[in-house]
Each structure stands twice: as C-alpha cells, then as structure tokens.
Amino acid sequence: MDMALPIVNATTAALARVSAAFNAPLARAVVFGVHIDGHLVVEGLLIAVIVFQLSRKSYKPPKKPLSEKEVDELCDEWEPEPLCPPVKERSHIDPAILESAAGPHTTIEGKEVVNFASANYLGLIGNEKLIDSCVGSLEKYGVGSCGPRGFYGTIDVHLDCEAKIANFLGTPDSILYSYGISTIFSVIPAFCKKGDIIVADEGVHWAVQNGLYLSRSTVVYFKHNDMASLASTLEKLTRGNKRTEKIRRYIVVESIYQNSGQIAPLDEIVKLKEKYLFRVILEESHSFGVLGKSGRGLAEHYGVPIDKIDIITAGMGNALATDGGFCTGSARVVDHQRLSSAGYVFSASLPPYLASAAVSAVNYLEENPSVLANLRSNVALLHTGLSDTPGLEISSHVLSPIVFLKLKKSTGSLATDLDLLETIAEQVLKEDSVFIVASKRSTLDRCKLPVGIRLFVSAGHTESDISKACSSLKRISASVLSDHV
Amino acid sequence: RVEGSEEDGEAPVPVTALTTLFSYGLLFAFGHFRDFFRRILDAGKSSNLKGYAPICLGYEDFYTRRLYLRIQDCFGRPIASAPDAWFDVVERHSNDGNKTLQRTTKTSKCLNLGSYNYLGFAAADEYCTPRVIESLKKYSASTCSARVDGGNTKLHTELEELVARFVGKPAAILFGMGYVTNSAIIPILIGKGGLIVSDSLNHISIVNGARGSGATVRVFQHNNPAHLEDVLREQIAGGQPRTHRPWKKIIVIVEGIYSMEGELCNLPEIMAVCKKYKAYTYLDEAHSIGAVGKTGRGVCELLGVDPADVDIMMGTFTKSFGSCGGYIAASKEIIHHLKHACPAHIYATSMSPPAVQQVISAIKVVLGEDGSNRGISGRI
C-alpha cells in the first residue's frame, strides 16, 4: 500500500503533464480559422497510417520459374505408361482365313462352308460380268489411281460411276469416296459445324459416331428407332428457339441399322423433318440395292420422293460387291463436298477397277430386278426358320437382309455375352460348316445396343443352305445356352 | 545469284509481295461487289428451302464462289489412261463461265509430273498385273466383310507378314485406306491425359486423329529438334493443363517426307530427343516407304535409324506400290492390341484382294524376290 501510492501518484502526475502538454498549445492553435483540437491530430495520424498501408503493394511470394536442374530432375523422374495395355488372356479374336472368294460358299481350311458372314446381298461376288469389267479396267488403268481427286487422280471411270449412280437414284449428281466407312465421317463434318444441332439415333454405328464427334456440333441422341422419342426431342429443341435462320439442323439416321437390323421409318421421319425444318442425312449402306421395288433404297421402299431427303450416303462394299462409297443429294450438296470434305480432298481416289465394278453392278441390278425377289424370299425363309431358336431371338426387321439374333436373357456383361455368342459361332463353323459371326464392339464404340449373331443373307444362297444354317444354329444354341436359358 | 530469288527460303521481294496482295485485293473487291448486287437481285426470289438455314452462311463459301471458280479448270482434271509417265488428259470446256465443266472426247497426251507414281507400278506391269488378275478371278473384287468377320483371306495375312519383314518390325496390320489408318489408330493409342507433340506441317489425317483422340496436342516447329526438346521439357515439367498431374504418355508424330514441302524429316536427332525424354515415336512414311533408302525401306534406312527404335511406323501403299490402303508396323503386343480395339479393323470392309496382291507383287519386285534384278538394279 505504501509503495503503490507513490506509483499511482507518479503515473497520474505524468498523465496530467502529457495531456496538458498535448492539449495546451494545440488547444489554442487556430489554423485558417479552424480550431484544431487534440483528437484531430490522432485522427489525422490514423488516416495517414491507413493511407500508407493501402498504398503498399500486397505481398505475393515471388514466382520462381523452375531451374534447368529442376526440370532435368522432373524429366528423369517421369515414367510413361506402356503404349498399349498388357495382353489379356481372354481377348483373342482369331478370324477364319478364307481361301477362296467370299461368295455364298467359300473355303476355310480346305473345307467348303456356307458363308453367312459377307454382306454380299445380290450375290455379285464371282459374277462374270463384274470380273470382266474389272479385268478390262486393270489392264487399262492399273490398280491404284496414284493421286487425290484434285490433282490428276480423277479418272474417267470415276466420273462415269458418279453419273451412273446419280442416274440410277434420280438425283442431279453424286460424289465418290475411296473407302466405305470414310464416307459418312467425311460428309458429316463437311456440313455440320460448331454450333449446329444434330439429332441422331443412339444405335448408329461407329463411323457415324466418329463423324458426329469430329463435327463439334451439339449432338442429341434419341431412343433407337423410336419415332415418339424423336418427335419429343425435336419439339424440345425447337420450342422457344428464335434463331432458326442461323442454325443448321440435321437428323442423322441409318436406313438399316448395323447394330440391330431395324429399318428406319422414313415416311414418319420426313413428316417430322418438314414440320420442324431439319435436314435429313440418311446412311444407306445396307439398303442400297436391297430395299425398294428396283433396289433404289429406302426412299423407293416407302414411296418418298428422293428430293425430300437432303443427303444420302452409302458404302458400296455391300450389295454392289465393290469398295468405296458415294454421297448424293442436290447439286449444291454435292458441289460443296468437292472442296470441303476431308476424305475426298486429302485422300487418294478410288482405284479405277472398283469404280468400273460399281458401274457393272448397277447395270446388273437394272437388268435383273428378279435378284431382289430371290433375296427377299431367302430373308423370309431364314426368318421363319430361326424364329424358334432356343435362347436366341430375332431382333431385326422382317425385311432386313441382316438377320440379327440376340440372347433372350443377357448374362449382364457385354464380355460374357460376346463369349457365349462366339462359342456358338465357332461350334457352328466347326461341326456344321456354316460360317456365321458374332458382332464385335470396339472400345471406342459408344453404342449401347446388345451384341448378337449376325447373318448376312445373299440372293445367291439356296434353300438347302438356309435350312442347313437354321438347323445347325438351333442345335448348337440349344446345347451351349442350355444352362443360360 | 538472281536478284530477289527465293534461295534459302527467304521472304519474297517487296515488289512481288505487293503485286500479289494487290491482285488478291482486287479479286476480293470484285467478289464483294458482285455479292452485293447478287443479294439485291435475289431478294425477291424465293427458294423452296424457306426456313432452313443455308448450307453455307454468309462468307463461308466466298472463296469457293468468287476466287476458286475462276480457275476451276486447273483442278480435278480427268485422265483417260493409267497415271503412268505419259498419260492422256481429257479436255473440258465450259458454257457458263467456269461454273460447270463438261468433258469432251478429245484428249491430249502429256508428260506426267503430277501423280504419286514413284516406282512406276501405276500402269500394267509385267510381273504384277497377271498375278493381280489371277487373284481377282479367285477372290473377286471385294470381300464385303470386315477383317474380323469374313473378310480375312490368305492374301491379307501374307501381306501383313511381308510388310513387317520389309519394314523391319515384328508385326503389321493392314487398313483399306491411308487416311483412315491415321485417324482411327491414334485414338486407340492415346486418350485423355496423354500428350501428342506433332510437327507443325503434319498431314490433316494426323491432325484429325489427334483431335479425335481427346489428348492434348502441342505443335513443335517444323523439323526443329531443339524446339521439340524445349516443348517436351516444358510439358513434362508442367504436367497436364490446369491439374498439373503428370502426363500418362507422350507421343511425338513426324512424317518421313513432308508432301507439301518435299523435305526429309530430321529423324536421327528427333529420335535422340524422344529417347532422352521417354516419349514414344510415330513415323508416318506415306511418301517415303519404297521411294527412299538403298533398298527402298524408307527414311530409316536412308538416315541410318534402326527401325526397332521407332515405336510405330505407318505407311501407305498408294504412292510407291501403285495400290491403295495403309499399314501400321510395330511390336507384336501393339499390333495385337490394335487388332482387338481399332474400329477401322473391326468395322470397315477389308482391303480389296487384287489391291493386296498388287502390293505383295510390288514388294517382291523391290526385294528382288521375283527372280529378276529389277529391284536391285534400281530400274524398276
């Protein structure tokens, strides 16, 4: 207590002195007629401190670029993955090696087999007239054309072939491509650019998917071959959309789907297209030369005038028994592709003998329309014959030359389904000499439809071939699928 | 030394540049002028595609309509014979100012310096053509089926072994078209999380394949190993964009001979850089296979690079072998993987058997296995 009091006194005295010193002279200071009080000085100091702090740059840790030594260390440490994944034991595709032409009957390992694995719909493989025209072409022009279409790779047979196909279909012009699958994935990016809208079926095959991806447009898929789903998708996309003049809009469908054998109902698609103002791109690889009274394709089959379909593409590796592809439509459509289609401009042209084979094939079809009736009756026969196969059901259309059999009850995984189907196909070949194949899927394929066994019917098959295939398939699937049914 | 010459790739003289740009400017101005009047005159006309957006909007096809059409007769000239050393070019005439061209029956014989016929196999050949015709009669023009289904013939397996032997790799796989080879293979080898470093002047099939794969693409200056090294160092150290995770793998894509410039690739140095940084190499020998090298085995032979060092060698049969199609040669594991995964192998029609036979015969001639010395003597 005694010691505290002097300290307290001293502190009070000091404070009094400070405040007096503080207040006294300044209390009487008058600057420009404004009384300056003591507290104004404190506030002034605070403002000065704030301004000083604000004006200083905030502290950022300096960005030091990596030194050469550090980059060297990183490069040494980095380990790449192997270029390809290690070989899996079960993935073993060992295709049969054919020793003769892939016609309705072919030779595998010295044995003659009935061939249901080639899309030789009109039976033109081995046709005399086709081979003669090819021989003539080979002797005159050699094998390859040695150049792209723009630079002396255009041979007069190409122009003849284009004119022939356009004439056959009733369109103004057509354009030839040098490879079947490159047709559709060059045509789609030539017309569809970034910002356009494409409505496509979800069951389209890989080449169409690749074309849609390369086009960078907005792609909307609708349920496989479901017109109600297509109508609702189109409605959703166009409702409230005022910018119709600037956006190009396309519907992409296949006539006969490779992944399921279904046929697209073209008359309903054309009605929808006209209502919502979309252009149609129709992929006719498996229906050209097959559907329609004279083989002119899906449009003839449904009685739709050909000029209602904007772009038709097809690969010639099926009914026409040659290779390459074509695209046809209005003159504007065809002309546009001559400069903007990557697969046409930047690639060597179709070998001339294949173009002359195409011309003879179309001539043959025009002169012998009865071959279509043969094909149709074969397809009907196979359909009825396979309708009661144990464990498998036909999921393709009755008129489709691709007869698609899928498992009645799937095992749940794609790989095991495929294993079962391939076992069936192998045994059918080994025991009964009937060559059929299970449809295979690439890892890049986004299609979700089930896998199955595909039989490609040809007009060259006889009734005995078909009944042999039916009985063999029924027997083998009964034994293989007995524990899975 | 001629004044203003373009030796060493120097920029053209100012007068040349000015006159060229002036000509272009004139053509552009005229084109716009005519478009303007065309729009006024056509405003009243209606086409039956009312409501649809036009196929080409605005100036997308300006170049085609106003510039290209004027000189259209220089391109796409049809020929009426094989693209051999001398060939017949069909004459065309136009009635409507070059908008459409009609063929005439007249042809003119010209010296051919425009076709890719490096070894002269384009026309009928004494060794190749009889065998091709024989295979045509045996296997027909097409198999109508994919390789994995019913399109695999003895010829295809024979050619794959022959190509692998010719190029110097363990195994090979065939495709029916060179363009599809590149654009369908690259997405299988590399995907998202990988890096593709490609030469700035690569062909569009490689560009399309790289784009379709989903990997990040970086470009290095044409034939410049130093810049390639810089790019690789920067990318490996930086990692993937935004996440900076390390790259899964890096593929460097170069071509043997660049078709637009006619230059050879600087292969030994580029290979050294790739080896140092553990990047995989992809060599596109579309123009060089069969055409360069002492025995025609391509740039590797010419520049002394061991084929075992290059991870993937791609080539086409269109140029030197007078046929069509392409191939990929690599190790057995890679080819096995491609055969199971590549969509072009699983879905596309297999190569036409006569074309396969043409390549087999051509390679045999080049190797000297046909019994003659045409290949060895260099006078094919």
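Please read all numbers here as calculations on a predicted model, not as lab measurements. (Residues numbered from 1 in each chain as written. Chains lettered and ligands numbered in written order. Predicted model: local features only at pLDDT ≥ 70, side-chain atom pairs only at ≥ 80, totals over all residues. Heavy atoms only, no water.)

**Some thoughts on helix H14 (residues 370-386) of chain A**
All names here are of chain A.
- The end-to-end C-alpha distance of H14, which contains 17 residues, comes to 25 Å, matching closely the 24 Å that a straight helix rising 1.5 Å per residue would cover.
- Restricting attention to buried positions, one finds in H14 the residues Val 371, Leu 372, Leu 375, Asn 378, Val 379, Leu 382, His 383, Gly 385 and Leu 386. For H14, the angular spread of buried residues about the axis comes to 170 degrees, placing them on one side. Away from the buried face of H14 by more than 90 degrees, exposed residues Ser 370 and Thr 384 are located.
- The inward-facing, buried residues of H14 contact helix H13 (352-367), strand S13 (392-394), strand S14 (402-407), strand S17 (452-456) and helix H16 (463-480). (Helix = DSSP H or I, 4+ residues; strand = E, 2+ residues; numbered from the N terminus. Expected span 1.5 Å × (residues − 1). Buried < 20%, exposed > 50% of the residue type's maximum accessible area, 1.4 Å probe, protein only. Arc of directions from axis to C-beta. Contact = heavy atoms within 4.5 Å.)

**Some thoughts on the pairing of strand S7 (residues 197-201) of chain A**
All names here are of chain A.
- Among the 5 residues of S7, 5 are classified as buried, and the element is accordingly described as predominantly covered.
- Across 5 bridges, the pairing between S7 and strand S8 (residues 218-222) is parallel. Following the sheet pairing, Asp 201 is matched in S8 by Phe 222.
- Crossover handedness for the path S7 to helix H7 (residues 206-215) to S8: right-handed.
- Here S7 pairs with strand S9 (residues 249-254) via 4 bridges, running parallel. If you follow Ile 198 over to S9, its bridge partner there is Tyr 250. (Pairing = 2+ DSSP bridges. Right-handed = clockwise from strand over helix to strand, strands pointing away.)

**Observations concerning the interface of chain A and chain B**
- The interface of chain A with chain B comprises 105 residues on the first partner and 103 residues on the second.
- Buried surface at the junction of chain A and chain B, summed over both partners, amounts to about 8,900 Å²; 64% is from carbon and sulfur atoms.
- The largest share of the area that chain A buries against chain B comes from A:Trp78, A:Leu83 and A:Tyr152, three residues that together contribute 11% of it.
- Scanning the region where chain A abuts chain B turns up 6 salt bridges.
- Linking A:Arg454 and B:Asp149 is a salt bridge whose minimum nitrogen-to-oxygen distance equals 3.6 Å.
- For the interface between chain A and chain B, the tally reads 31 residue pairs in polar contact (both at pLDDT 80 or more).
- Here the side of chain A that touches chain B is built from residues that sort into 56 nonpolar, 23 polar and 26 charged.
- As defined by bridge partners, strand S5 (residues 154-155) of chain A adjoins strand S1 (residues 78-79) of chain B across 2 bridges and the pair is classed as parallel. Following the sheet pairing, A:Thr154 is matched in S1(B) by B:Pro78. (Buried area = accessible area lost by both parts, 1.4 Å probe. Salt bridge = Lys/Arg side-chain N within 4 Å of Asp/Glu carboxyl O. Polar contact = N/O pair within 3.5 Å; in protein donor to acceptor, adjacent residues only side chain to side chain. Nonpolar A, V, L, I, M, F, W, Y, C, P; charged D, E, K, R; others polar.)

**What to know about the sheet that holds strand S15 (residues 434-435) of chain A**
All names here are of chain A.
- Reading across the sheet, the 3 strands line up as S3-S4-S15 and stay open at both edges, with mixed pairing between neighbours. Both edges of this open sheet fall to strand S3 (105-108) and S15, since each of them pairs with a single strand only.
- Pairing analysis gives 2 bridges linking strand S4 (residues 111-115) to S15, with the strands arranged parallel. Within S15, the position partnered with Val 114 by the bridge is Val 434.

**Looking at the domain arrangement of chain A**
Residues and elements named next belong to chain A.
- What the domain assignment lists for chain A is domain 1 (105-123 + 369-481) and domain 2 (128-367).
- Domain 1 and domain 2 are separated by 26 Å when their C-alpha centres are compared.
- Between domain 1 and domain 2, a total of about 2,200 Å² is buried, with carbon and sulfur atoms accounting for 59% of that surface.
- Counting the contacts that link domain 1 with domain 2 gives 0 salt bridges.
- Inspection of the domain 1/domain 2 interface yields 7 residue pairs in polar contact (both at pLDDT 80 or more).
- The biggest single contributor to the side of domain 1 that touches domain 2 is H14, with 4 residues.
- When its residues are assigned to classes, the side of domain 1 that touches domain 2 shows 16 nonpolar, 5 polar and 5 charged. (Domains from an automatic or database assignment.)

**A short note on the side chain of B:Thr129**
Residues and elements named next belong to chain B.
- Relative to the helices and strands, Thr 129 resides in helix H3 (residues 128-139).
- For Thr 129, a relative accessible area of 12% translates into the label buried.
- At 2.7 Å, the side chain of Thr 129 forms a polar contact with the backbone nitrogen of Asp 125.

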